[in-house]
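Observations on the three-dimensional arrangement
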Amino acid sequence: MIKITLPDNSVREFSEPVNGLELAQSISHRLAKEVLSVSVNGEIRDLNRKIAEDASVKLHTWDDREGKDAFWHSSAHLMAEAIEHFYPGTKFGIGPTVDTGFYYDVELPNGQQLTEKDLQKIEQKMVELARQKNAIVRKEISKKDAMAMFTKKNDELKQELISELEDGTITLYEQGNFTDLCRGPHLPDTGYIKAVKLTSIAGAYWRGNEKNQMLTRVYGVTFPKQKLLEEYLVMMEEAKKRDHRKIGKEMELFTFSEAVGQGLPLWLPKGAQLRMQLEDFLKRVQKKHGYDQVITPHIGDVKLYKTSGHYEKYGKDSFQPITTPAEGEEYLLKPMNCPHHCEIYKAKPHSYKDLPVRMAEFGTVYRYEMSGELHGLTRVRGFTQDDAHLFCRPDQLKDEFKKVIDIVFIIFKALSFEDYTAQISLRDPEKPEKYIGTAENWDKAELAIVEACEEKGLKTVTEIGEAAFYGPKLDFMIKDALGRSWQLGTIQVDYNLPERFELEYIGADDKRHRPVMIHRAPFGSMERFVAVLIEHTAGKFPFWLAPEQAVILPISEKYNEYAQKVSNILNNSDIRTVVDDRNEKIGRKIRDNELKRIPYMLIVGEKEQESESVSVRRQGEGDMGTKQIGEFADAVTQEIRDQLSGLYN
RNA sequence: GCCGGAGUAGCUCAGGGGUAGAGCGCAUCCUUGGUAAGGAUGAGGUCACGAGUUCAAUUCUCGUCUUCGGCUCCA
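For clarity, every value in this text was computed on a predicted model and none was experimentally measured. (Residues numbered from 1 in each chain as written. Chains lettered and ligands numbered in written order. Predicted model: local features only at pLDDT ≥ 70, side-chain atom pairs only at ≥ 80, totals over all residues. Heavy atoms only, no water.)

**Digging into the sheet that holds strand β25 (residues 460–464)**
Taken together, eight strands build an open sheet; the order of strands is β18-β22-β23-β30-β27-β26-β24-β25 and the sheet is mixed. Two strands close off the open sheet at either side, each with one partner strand: β18 (292–293) and β25. Here helix α9 (residues 269–288) sits on the sheet and contacts β18, β22 (357–366), β23 (382–392) and β30 (516–521); the angle it forms with β22, its principal contact strand, is near 160°. Strands β22, β23, β24 (419–426), β26 (473–479), β27 (485–494) and β30 of the sheet are contacted by helix α13 (residues 397–414), whose axis makes an angle of about 160° with β27. (Pairing = 2+ DSSP bridges. Helix = DSSP H or I, 4+ residues; strand = E, 2+ residues; numbered from the N terminus. Contact = heavy atoms within 4.5 Å. Axes fitted to C-alpha atoms, helices over the stretch in contact; angles between N-to-C directions.)

**So, the nonpolar core**
Counting 78 residues, the largest nonpolar core has Leu278, Leu415 and Leu474 as the members making the most contacts within it. Among the elements that take part in this core, α13 stands out by supplying 10 residues, more than any other. Apart from residues lying up to four places away in sequence, Leu278 is in contact with Leu415, Phe523, Met526, Phe529, Val530, Leu533, Trp544 and Leu545. By size, the runner-up hydrophobic cluster in this structure holds 54 residues, among which are Val18, Leu23, Leu59 and Val218. (Core = buried A, V, L, I, M, F, W, Y, C linked by side-chain atoms within 4.5 Å. Buried < 20%, exposed > 50% of the residue type's maximum accessible area, 1.4 Å probe, protein only.)

**Topic: the state of the cysteines**
Covalent bonding between the sulfur atoms of two cysteines is what defines a disulfide. If you walk through the whole model with that rule in mind, you get zero disulfides. In this structure Cys338 is a free cysteine whose sulfur lies 6.6 Å from that of Cys342, the closest cysteine sulfur available. On the accessibility criterion, Cys338 (0% relative accessible area) is buried. No disulfide involves Cys453; its sulfur sits 15 Å from that of Cys392, the nearest cysteine. The class for Cys453 is buried, based on a relative accessible area of 2%. (Disulfide = S-S within 2.5 Å.)

**Overview of the packing of aromatic side chains**
Applying the stated rule across the entire model yields 24 aromatic pairs. A centroid spacing of 5.4 Å and a plane angle of 80° characterise the contact between Trp62 and Trp72, whose relative ring orientation is edge-to-face. A residue pair is termed long-range when its members are at least 10 positions apart, and Trp62 in the loop between β7 (55–60) and α3 (65–86) and Trp72 in helix α3 qualify at 10 residues. With respect to burial, Trp62 and Trp72 carry one shared label: buried. Measuring from ring centre to ring centre gives 5.0 Å for Phe281 and Trp544, while their planes differ by 55°; the resulting arrangement is tilted. Residue Phe281 is located in helix α9, and its partner Trp544 is located in the loop between α16 (526–537) and β31 (550–554); the two are separated by 263 residues in the primary sequence. For the pair formed by Phe281 and Trp544, the shared burial category is buried. Aromatic ring contacts, followed pair by pair, group Phe409, Phe412, Phe417, Tyr420, Phe476, Phe523 and Phe529 into a single cluster. In this structure, Lys121 is placed above the aromatic ring of Phe86, and the distance from its NZ or CZ to the ring centre is 5.0 Å. It is Arg217 that lies over the ring of Tyr103; its NZ or CZ is 3.7 Å from the centre. (Phe/Tyr/Trp six-rings, centres within 6.5 Å; stacked < 30°, edge-to-face > 60°. Lys NZ or Arg CZ within 6 Å of the ring centre and 35° of its normal.)

**A look at the protein's contact with RNA strand B**
Taken together, 48 residues sit near RNA strand B, with Ser371, Glu373, Asn583, Arg588 and Ser615 positioned nearest. By atom count, sugar and phosphate contribute 47% of the portion of RNA strand B lying within 4 Å of the protein. In the model, a phosphate oxygen of RNA strand B is placed 3.0 Å from a nitrogen or oxygen of the Arg245 side chain. At a separation of 3.0 Å, a base oxygen of RNA strand B approaches a polar side-chain atom of Arg617. For the surface near RNA strand B, the secondary-structure elements that each account for two or more residues are β14 (195–205), β15 (214–223), α8 (244–250), α11 (310–314), α18 (586–595), α19 (606–611) and β34 (613–618). (Near = heavy atom within 4 Å. Polar contact = N/O pair within 3.5 Å; in protein donor to acceptor, adjacent residues only side chain to side chain.)

**Considering the pairing of β34**
Most of β34 sits out of view: five of its six residues are buried. Where strand β33 (residues 600–604) and β34 come together, four bridges link them in antiparallel fashion. From the neighbouring strand, Ile603 faces β34, where its bridge partner is Ser615. As judged from the five bridges shared by β34 and strand β35 (residues 622–628), these two strands associate in the antiparallel manner.

From the geometry alone we can't say anything about function, so treat these as descriptive.
Structure follows, in structure tokens:
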């Protein structure tokens, strides 16, 4: 008897070995149709591999990552088969799955190159091969035989991979006329793959090392149902519409100029308005939390960054030093604000009673990013961090950390980012040489973060070995309206800089002690954050942030004067308004202003003028009836208070 | 930085060895219209930049810059 334990702890008994598919069939017909891979005692396997002994088993479908992995992994093989069909002699590198889909790195024979145009015929071939429902067969093979096989195929990429594998663990997967070296697991046959889309083609270094040759990487995604592919394509279309570079241009938020230089954003009036609104909001929240605002220059003596250690570690990623002509002093465009803030801390002696000291600055920093890396506002060479440094006693660390978490959540709430993950990054205990500071301090810092997260009830994931070289950190990832993940704010504990800058405070014992630093930036950078916000909201910003909050539309030119009067009244209540006094019909004005994503349209004509009112229209929702001017102002002011409850409570 | 696309009016794009086109936007005029496009006329371009080939280059070739998709990197 073989006892199979399922995730719900129910046990099924079989008189002889079963495979995953048979197990699924014994549970339900539907599950048998949907199951893609199986975990046996935590090891992911092919569905058609027999389970010969008692085991704890989980069946994976399209809803699980493990199910998708098997599906896409098999799809990569299918694509390889199709490519080999058109280009016999192609060498295959690696073909793994990614977040959405898979890729395969290939090298075509005789220096041939794939282009976007070739993708369609490969897609068609893949669909054709999938329809054949070719069984995917797993074979174990000795290292010697594997080597011989790929030597014969002249595929030195695979030979290199095999040479690093251990004999006895090597497996091949065969389908139709195609055989590939692979650990698996795979689908039982190619017929599961119903819909195929090859998404892009790009160069990629063999094994990710730029010293190696460049291979052609083909990206694709596949689905078990045609409908899922269609949904995916709609999603891609939507993502394209929300691209912050496109919306930023349309809404006149920011621009770039070749004359200014690449990666150096220019904030246009409306973008600047939006950004300042965010900054003012955070400044007010920080003020309530006991932060002091400071201002530091954009350059600093190279020695400052040598002291901090940034020069040694990141000097090559900075813009090269500026040298003064007469004295030969060297200055760096500042890549970080923290050294400046350390110097502010040092400007006077501190008592333990003064701590924590919380210093905030919207500090613009400059980093030399490689030209190929620049991307809209998300990756630039000059950007402004919503930076702050907290200097505290070791016994205050956890509490301070928790207060920073509070600020992060006030922001998330104000901007309706509801779905987040917090990642705790700890050091890799096996590689102490990667980190500076004592093991004791690291232990304390890591414990403080873990406990702070627990006490705040955060949803966290923990990554070992992802800590910065100077301390552990907590990063926040949010999911946007399309389900895409973005990394935003970060909170980092630092024992290093206080050491390097010899920061001190006088303790109750009248002795000198070293404070602990927390670096934190809830938005991360204003540029990146605004980009994420644009993509999250598709440019339909919450009312309090909208650069233009209401547009007043006179029915005809006869009411322009009244429109201007309404505008002035609302401006006096701190509502940002504009008047659309073009010589156009009302239908036209409504259409144009709907497309401009201004939250409210206020239509005014004879009726409104007589009764000192406005006809209110909410963007995307339509006519909302008539309101007195003051009544409208009160309603939207209340709307802001509701959205910014974190600030007012 | 590396590999591969792309660069034509303010925007989105068509075209193509004989110095250019559309729609939107903009300007002027007509119209004064009540909840998603009223009409007419007109002004906009060193076809990214620099060389080369050619009688002739915006078009072909090379280089540079910028941009897009990846790789690598991200204090």
